[in-house]
Protein chains: 4
Amino acid sequence: MIIELKRGVSRVLAEAISLKYAAVILNNYNGRLIIVTSGKLKENELDESVRQLAERVVITGSDIQLASRKFLTSKREIRITDDLTIGGNSQNTLVITGPCSVESEKQIRACAELCVQLGIKVLRAGAYKPRTSPYSFQGLEIKGLQLLDKIRSDYGLKIITEVKDGSHAEAVIEYADIIQIGAKAMYDHSILRACGKARKPVLLKRGFGSNLQEFVQAAEFILCGGNEQVILCERGIRTFENFTRFTLDLCGVSWLKENVNLPIVIDPSHAMGFAYGVPDLSRAAVAMGIDGLLIETHPNPAAALSDPAQQLTFDQFKELYGTLADVAKAIGYKIV
Amino acid sequence: MIIELKRGVSRVLAEAISLKYAAVILNNYNGRLIIVTSGKLKENELDESVRQLAERVVITGSDIQLASRKFLTSKREIRITDDLTIGGNSQNTLVITGPCSVESEKQIRACAELCVQLGIKVLRAGAYKPRTSPYSFQGLEIKGLQLLDKIRSDYGLKIITEVKDGSHAEAVIEYADIIQIGAKAMYDHSILRACGKARKPVLLKRGFGSNLQEFVQAAEFILCGGNEQVILCERGIRTFENFTRFTLDLCGVSWLKENVNLPIVIDPSHAMGFAYGVPDLSRAAVAMGIDGLLIETHPNPAAALSDPAQQLTFDQFKELYGTLADVAKAIGYKIV
Amino acid sequence: MIIELKRGVSRVLAEAISLKYAAVILNNYNGRLIIVTSGKLKENELDESVRQLAERVVITGSDIQLASRKFLTSKREIRITDDLTIGGNSQNTLVITGPCSVESEKQIRACAELCVQLGIKVLRAGAYKPRTSPYSFQGLEIKGLQLLDKIRSDYGLKIITEVKDGSHAEAVIEYADIIQIGAKAMYDHSILRACGKARKPVLLKRGFGSNLQEFVQAAEFILCGGNEQVILCERGIRTFENFTRFTLDLCGVSWLKENVNLPIVIDPSHAMGFAYGVPDLSRAAVAMGIDGLLIETHPNPAAALSDPAQQLTFDQFKELYGTLADVAKAIGYKIV
Amino acid sequence: MIIELKRGVSRVLAEAISLKYAAVILNNYNGRLIIVTSGKLKENELDESVRQLAERVVITGSDIQLASRKFLTSKREIRITDDLTIGGNSQNTLVITGPCSVESEKQIRACAELCVQLGIKVLRAGAYKPRTSPYSFQGLEIKGLQLLDKIRSDYGLKIITEVKDGSHAEAVIEYADIIQIGAKAMYDHSILRACGKARKPVLLKRGFGSNLQEFVQAAEFILCGGNEQVILCERGIRTFENFTRFTLDLCGVSWLKENVNLPIVIDPSHAMGFAYGVPDLSRAAVAMGIDGLLIETHPNPAAALSDPAQQLTFDQFKELYGTLADVAKAIGYKIV
């Protein structure tokens, strides 16, 4: 239950109420205080004296609360650069590209130049890699972040990079323009809570074994921490089909668009796991009216230290990129 | 292994070879005879004398053989009406619509009129319904087929209708212009073999628990029976996510496009299970460059005797339909 | 809703009621007539005049009705031989074994002798094989059934054999002592309805993509056809884990034991797909207190024409079989 | 590839080799040094000079290396108390019980008394709870650990408690006798690496969306960190079946027993999600010959702050516990 207090109700009173209901308290857009209790609290369990302090009481029927369209009917807008937003009424689809991992200055510089050449604003690259084996390349770690920092200054790009576990959450939060929470870290409360305190956009990837309820509840951890800039990213779920790496869940994206007030980015590269399917899936994603697209590219995918099969060459990416504007336009969107 | 015999090799000799390898024999486009052995037969197990009779030996590495791009590199073309094909180089996306079930003459006539009004050529409707409960509406059965026959004459539409089990396979094969094999009947050999002998297009739906290998092997049953007019239909697979009815597997569609020579139709209605997601998913499907789209519509979905939640109203369908041409055009396709 | 009519209510009246509610009518144990309506019919939609004719009205809350413990609180008992039953209060676990397919008289005779030697009463073997590829061995078909008939007379064994599609349902129903409905045929109404009219036990395998609701509803087709001798068989569901062929769903078996009144048999061979896991899984199954176990054995698994990896050798089976009695005894059951 | 160096090869030389192959180095049982390279390294890529320093080179064919039966053919033995081990040849099945969460001193003391009464050696209880919602009870955190510490002294029990994210890994490693890594933290490298340095047994739960390869590779992170005391815990995977909370993967347990040298514990409570199924599943687990069983009990499950549906009452647990010895004995194991 979300209790939106009337303007003027004091913070002390709000804190008393939130203690009583084991609830979370936070500030709202309009200067009003908001109290969020467990979704299980029934309307008739709310004391009449509290109700009288409320401007509005929202019952969402589950712990999807601040992210629910029942709370905010319109999609949240998130600022990416000074003159660019996604979500809201922008009808923008932001294309983000770059390699799976930062591997070397030469490699990441080549990717940055590709972005500049095409007018792409946000570069992706991982410094900490959530590899499933201890015997694989694990990322350049802090050196990777420093390289990304240099690239940012040199090329004027925004950087999105991933946090995979709590040990480097602070470092990633400091260095990134958009903090990416990796699929395998989706349930990590220490990361979610740290991002809740950050004042930067957070792109939260859906765990491949996570249902939509859990996915959006992970976003609630960030939202109720006070950070409203949360972007959801669908990147494929694990199913019985193993001819492809994962199964991109566009039915799930439809559900999110209908029920959740957060912008949505789609990552076809990890879902498919093979470069050949990425162009078609990217166009499918754009045709759904989404807020962003995350595509892996590499100057030489065959030599990549992680995910070699799914990264596009620069030529493949340019060809794909050239086709997206028309698809976006067909549904009233713009590629940005 | 596919052994394409040289022109002039006699049928008697071909039969002898097919007996030796427990293989299937069939006629090819070019008048050549083709022998298909188990995919497990290794190249070095083929007798030299047989090889000398072969124009070409194709090793596909699995029992996806006649359907493989290794056998036919280009996509097969299938005739829908005298002046309309899908697949091949047509770049056509065929829109098929109609109700889940034929319920009454009035209802199906309304749907046919919608098709005529919009220029849609193929009407879908089920006479035999594969309901999972014995206590639900099971379809009008033969009376439903007869109604569809009447509608065909009255409106000049092509009819696609579903066979759900062997007891009525002959009836459906006789009445339908395009025979639909339902998802729950995908493994039914008696239906697959009967369709292999038919001389009509067959739309084979993927079982929701079937992987891509099994799905295409089911098509092989029809192809090796001598019917080359097979269309594959992705309609959602069953996954852990249950906020939507099924999960539309567009990664799987990418795999099929890359590896299989059959046209592909997508059914977003069954995948999603809810009308609200059908428009976005339809546009996503069209943007992938597919050969057809199967969408459920009903004059009054709330009163439908089956699948009420997922059928579009006529107004919803018209609005959706109006947006598809632009999406198709953006990728060089046409809605037909 | 199940309406158990008072003794003496006429069949004509019952038929009138069943017409009104689009319901199914059948005879009960105690000579009473039973009407089964859709599970969606609400209690307040039942006319008062009908209620007065009812001895009992059972609301199960879904279309699991005749199979529900809400209808029959105790487990049904099914006769296997003149002096042997399973289910009810028998505390019997019936071991069934034999090869995947009947391949030759020599092979099936060897299996029959193994049964006789160990005191096993029921031999399994498939004559019609639901292979997923048209280029694999498809079974001996009617000749296989005739061989099984001969074996039955020669060795005094009961025979369980599988129907995979409608084309041979009548033949299997005629030849089998226990009719097995294969996992891929679980939704086949023509088979289910034919079995509903049969007067023999039916072992219904769960489709590997089928949830428990659909599984038990398939049994309802048989039960409401008038055949009360239905046995459910869990044989593994399809999940993302592919190091094993399927995933044996023993949580599902717990749910069935709690909610459904039908005996349950477990098939660890198909679930695991590899012989090495069958002994442990068999003991696990027995320790759950189930009504039967279906295990594949073959005189020479490596040479088997189907499922070579999962069939046990006779020695492996004997060793396993020798351990089952103690496990059964530990929980108060007997191996029969 | 595992390179077991000859006795006497110096650490300096070993380090040089491990640098060359981007490998991990560690000490072995027998005082020999072991180098573990990526599983992708092919045998012919190993320099002859290195091979000559090797006592043994083990190729496991994947990154399951130190955990593989190809490296150690027998199951590892792990000490639980001074006079109790599991694994190895002990044929012991360790029963662990306790509540989902430490909620209060009274509650946890009651559980400890139950353990003492039944002779159970290890108490489970979570202080940090990986809840999926921010609006639910999150555990007593450090106070919970302190309570468990007190209970340990007062009752002489060993304590197993869970780490859910990196922020409290050190605290749990310090307080626990057996460190439990929660299913949602299975991929967390910071936790895995911290546990690799610990000198205490670690119980690693399988992520519910994780396949067996990833599960065992997570254990490799701990093993290659130098901690050999790793126990695997199967607790159910997420599948399409949602009548139960998860699906207990006993086929997967069979695979692990065959291929992996680590002891295995089964947690039926989380798999089932409902108390009614726990007794049957516990007996099934014991009958497989496993090394431990993890069962949730609570003095008053209905009032539990987390997982109320799946915790057993003390009476239910006692009844279950009383039946386990016979099942274990039937297969030559003992309940400890």
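Residues numbered from 1 in each chain as written. Chains lettered and ligands numbered in written order. Predicted model: local features only at pLDDT ≥ 70, side-chain atom pairs only at ≥ 80, totals over all residues. Heavy atoms only, no water.

Q: Please clarify how the relation of the copies chain D and chain C should be interpreted in this entry.
A: One chain copy maps onto the other through a rotation about an axis and a shift parallel to that axis. Expressed as a screw operation, the relation of chain D to chain C combines 0.0 Å of axial shift with a rotation of 180 degrees, fitting to an RMSD of 0.0 Å. Taken together, the turn and the small shift mark the pair as related by a two-fold rotation axis. Identified as the residue of chain D closest to the rotation axis by C-alpha distance is D:Ala284, at 2.0 Å. Both copies contact each other with a shared surface, as 100% of the interface residues of chain D are interface residues in chain C too. (Least-squares fit on C-alpha atoms with pLDDT ≥ 70 in both. Contact = heavy atoms within 4.5 Å.)

Q: What's the story with the packing of helix H10 (residues 278-287) of chain C against helix H10 (residues 278-287) of chain D in this structure? I'm lost.
A: Relative orientation and spacing of two packed helices are given, respectively, by the angle between their axes and the distance between those axes. At a minimum axis distance of 7 Å, the contact between H10(C) and H10(D) shows a crossing angle of 150 degrees. Taken together, the axes of H10(C) and H10(D) lie roughly antiparallel to each other. Like other packed secondary-structure pairs, H10(C) and H10(D) cross with a definite hand, here right-handed. Between H10(C) and H10(D), the residues in contact are C:Arg283, C:Ala284 and C:Ala287 and D:Arg283, D:Ala284 and D:Ala287, respectively. Of the residues assigned to the contact of H10(C) with H10(D), the class counts are four nonpolar, no polar and two charged. (Axes fitted to C-alpha atoms, helices over the stretch in contact; angles between N-to-C directions. Helix = DSSP H or I, 4+ residues; strand = E, 2+ residues; numbered from the N terminus. Parallel < 35°, antiparallel > 145°, perpendicular 65-115°, else oblique. Left-handed = near helix turned anticlockwise from the far one by under 90°. Nonpolar A, V, L, I, M, F, W, Y, C, P; charged D, E, K, R; others polar.)

Q: I tried to follow the relation of the copies chain D and chain A on my own but got confused; where do I start?
A: With an RMSD of 0.0 Å, the operation that places chain D on chain A is a rotation of 180 degrees combined with a shift of 0.0 Å along the axis. When you check the interface residues of chain D against chain A, 100% turn up at the interface there too, and the contact is symmetric in its surfaces.

Q: Looking at this model, I keep getting lost on the sheet that holds strand E2 (residues 24-27) of chain B. Mind explaining?
A: Pairing between the strands of a sheet comes from backbone hydrogen bonds, and it takes one of two forms, parallel or antiparallel. Residue and element names in this part refer to chain B. Reading across from one edge, E2-E3-E1-E4 is the order of the four strands in this open sheet, with antiparallel pairing throughout. Of all the strands in the sheet, the pair left with one neighbour each is E2 and strand E4 (54-58). In this sheet, neighbouring strand axes are inclined to one another by 20 degrees on average, regardless of whether the strands run parallel or antiparallel. Here three bridges tie strand E1 (residues 2-5) to strand E3 (residues 33-36), and the two strands are oriented antiparallel to one another. The residue bridging Ile3 from the neighbouring strand is Ile35, located in E3. (Pairing = 2+ DSSP bridges.)

Q: Would you explain the interface of chain D and chain C in this entry?
A: The interface of chain D with chain C comprises 40 residues on the first partner and 40 residues on the second. Broken down residue by residue, the surface that chain D buries against chain C is led by D:Phe240, D:Phe243 and D:Cys251, which jointly contribute 21%. The interface formed by chain D and chain C contains four salt bridges. Our enumeration of links across chain D and chain C arrives at six residue pairs in polar contact (both at pLDDT 80 or more). Among the secondary structure elements, those contributing two or more residues to the side of chain D that touches chain C are helix H7 (212-223), helix H8 (250-259), helix H9 (268-272), H10 and helix H11 (314-330) of chain D. Each residue belonging to the side of chain D that touches chain C can be placed in one class, and the counts come to 20 nonpolar, 11 polar and nine charged. (Buried area = accessible area lost by both parts, 1.4 Å probe. Salt bridge = Lys/Arg side-chain N within 4 Å of Asp/Glu carboxyl O. Polar contact = N/O pair within 3.5 Å; in protein donor to acceptor, adjacent residues only side chain to side chain.)

Q: Help me out: how do you make sense of the interface of chain D and chain A in this one?
A: How big an interface is tends to be stated in terms of accessible area lost as the parts join. Between chain D and chain A, the contact holds 37 residues from the first and 37 residues from the second. When chain D packs against chain A, the two sides together hide about 2,800 Å² of surface, and 53% of this comes from carbon and sulfur. Linking chain D to chain A there are two salt bridges. A salt bridge links D:Arg238 to A:Glu214; the shortest N-O distance between them is 2.6 Å. There are 17 residue pairs in polar contact (both at pLDDT 80 or more) connecting chain D and chain A. Listed by contribution, the elements that provide at least two residues to the side of chain D that touches chain A are helix H6 (189-197) and H7 of chain D. For the side of chain D that touches chain A, the element with the most residues is H7(D), which contributes five residues. Tallied by class, the residues present in the side of chain D that touches chain A amount to 11 nonpolar, 15 polar and 11 charged.

Q: Help me understand the confidence of the model for chain A in this model?
A: As a general rule, the predicted coordinates of low-pLDDT regions are not to be interpreted in detail. For chain A, the mean per-residue pLDDT works out to 96, and 100% of the residues sit at or above 70. Reported confidence for the predicted complex is 0.96 by ipTM and 0.97 by pTM. (pLDDT = per-residue confidence, 0-100.)

Q: Can you walk me through the environment of D:Asn30 in this structure?
A: By secondary structure assignment, the location of D:Asn30 is in the loop between strand E2 (24-27) and strand E3 (33-36). Taking C-alpha positions, D:Asn30 is 48 Å from D:Asp315, a pair spaced 285 residues apart along the chain.

Q: Quick question: what am I supposed to make of unusual backbone geometry here?
A: Most of the time, phi is negative for any residue but glycine, and the peptide bond is trans. In this model, A:Glu141 sits at a positive phi of 55 degrees, which is unusual for a non-glycine residue. On the basis of relative accessibility, which here comes to 35%, the residue A:Glu141 falls in the partly exposed class. In this structure, D:Asp307 takes a positive phi of about 50 degrees despite not being glycine. Tracing the chain through its elements places D:Asp307 in the loop between strand E14 (292-296) and H11. (Buried < 20%, exposed > 50% of the residue type's maximum accessible area, 1.4 Å probe, protein only.)

Q: Where do I start with the nonpolar core in this structure?
A: One recurring pattern in soluble globular proteins is that nonpolar side chains are buried together. With 194 residues, the main nonpolar core has A:Leu66, A:Leu123, A:Ile181, B:Leu66, B:Leu123 and B:Ile181 as its most contacted residues. If we skip the residues at most four places from it in the chain, B:Ile181 touches B:Val163, B:Met186, B:Ile191, B:Leu192, B:Cys195, B:Val202, B:Leu203, B:Leu204, B:Lys205 and B:Ile222. The next biggest cluster of nonpolar side chains, apart from the first, holds 193 residues, and it includes C:Ile2, C:Phe221, C:Val260 and D:Ile159. (Core = buried A, V, L, I, M, F, W, Y, C linked by side-chain atoms within 4.5 Å.)

Q: Whenever I open this one, the environment of D:Leu118 confuses me. Can you help?
A: Residue and element names in this part refer to chain D. In this fold, Leu118 is placed in helix H3 (residues 105-118). Separated by 100 residues in sequence, Leu118 and Ala218 have C-alpha atoms that sit 34 Å apart. Those residues in contact with Leu118 that lie beyond four places of it in its chain are Phe317, Lys318 and Tyr321.

Q: Mind showing me how you'd approach the sheet that holds strand E1 (residues 2-5) of chain C here?
A: Residues and elements named next belong to chain C. Judged by pairing direction, the sheet is antiparallel, and its four strands sit side by side in the order E2-E3-E1-E4 without closing on themselves. In this open sheet, the two strands that pair with only one neighbour each are strand E2 (24-27) and strand E4 (54-58). In this sheet, neighbouring strand axes are inclined to one another by 20 degrees on average, regardless of whether the strands run parallel or antiparallel. As judged from the four bridges shared by E2 and strand E3 (residues 33-36), these two strands associate in the antiparallel manner. Pairing of Val24 across the sheet is with Val36, part of E3.

Q: Can you help me understand the pairing of strand E6 (residues 84-87) of chain D in this one?
A: Within a regular strand, the side chains alternate between the two sheet faces. Residue and element names in this part refer to chain D. Pairing of strand E5 (residues 77-81) with E6 involves four bridges; the strand directions are antiparallel. Bridging from a neighbouring strand, Glu77 pairs with Gly87 of E6. From the end of E5 to the start of E6, which pair antiparallel, there are two residues.

Q: Please clarify how the side chain of A:Arg235 should be interpreted in this entry.
A: All names here are of chain A. With respect to the secondary-structure elements, Arg235 resides in the loop between strand E12 (230-234) and helix H8 (250-259). One buried charged side chain, Arg235, makes no salt bridge at all; its nearest oppositely charged neighbour is Asp267, positioned 5.5 Å away. Every residue in contact with Arg235, bar those within four places of it in the chain, is listed here: Ala183, Lys205, Arg206, Phe208, Phe246, Leu248, Asp267, His270 and Ala271. (Lys, Arg positive; Asp, Glu negative; His and termini not counted.)

Q: It is not clear to me how the pattern of salt bridges should be interpreted in this structure. Could you clarify?
A: Opposite charge on two side chains permits pairing when their charged atoms draw close. Scanning the model with the defined rule gives 88 salt bridges over all chains in all. B:Arg109 is the partner of B:Glu105 in a salt bridge, and the nearest nitrogen-oxygen pair spans 2.6 Å. With a gap of four residues between them, B:Glu105 and B:Arg109 both fall in helix H3 (residues 105-118), about one helical turn apart. Take B:Arg109: its relative accessible area is 21%, and that puts it in the partly exposed class. Across the salt bridge formed by B:Asp307 and B:Arg245, the nearest N and O atoms sit 3.1 Å from each other. With B:Asp307 in the loop between strand E14 (292-296) and helix H11 (314-330) and B:Arg245 in the loop between strand E12 (230-234) and helix H8 (250-259), this pair connects stretches of sequence that are 62 residues apart. It is possible to trace a salt-bridge network through shared partners that takes in A:Glu105, A:Arg109, A:Lys150 and A:Asp154.

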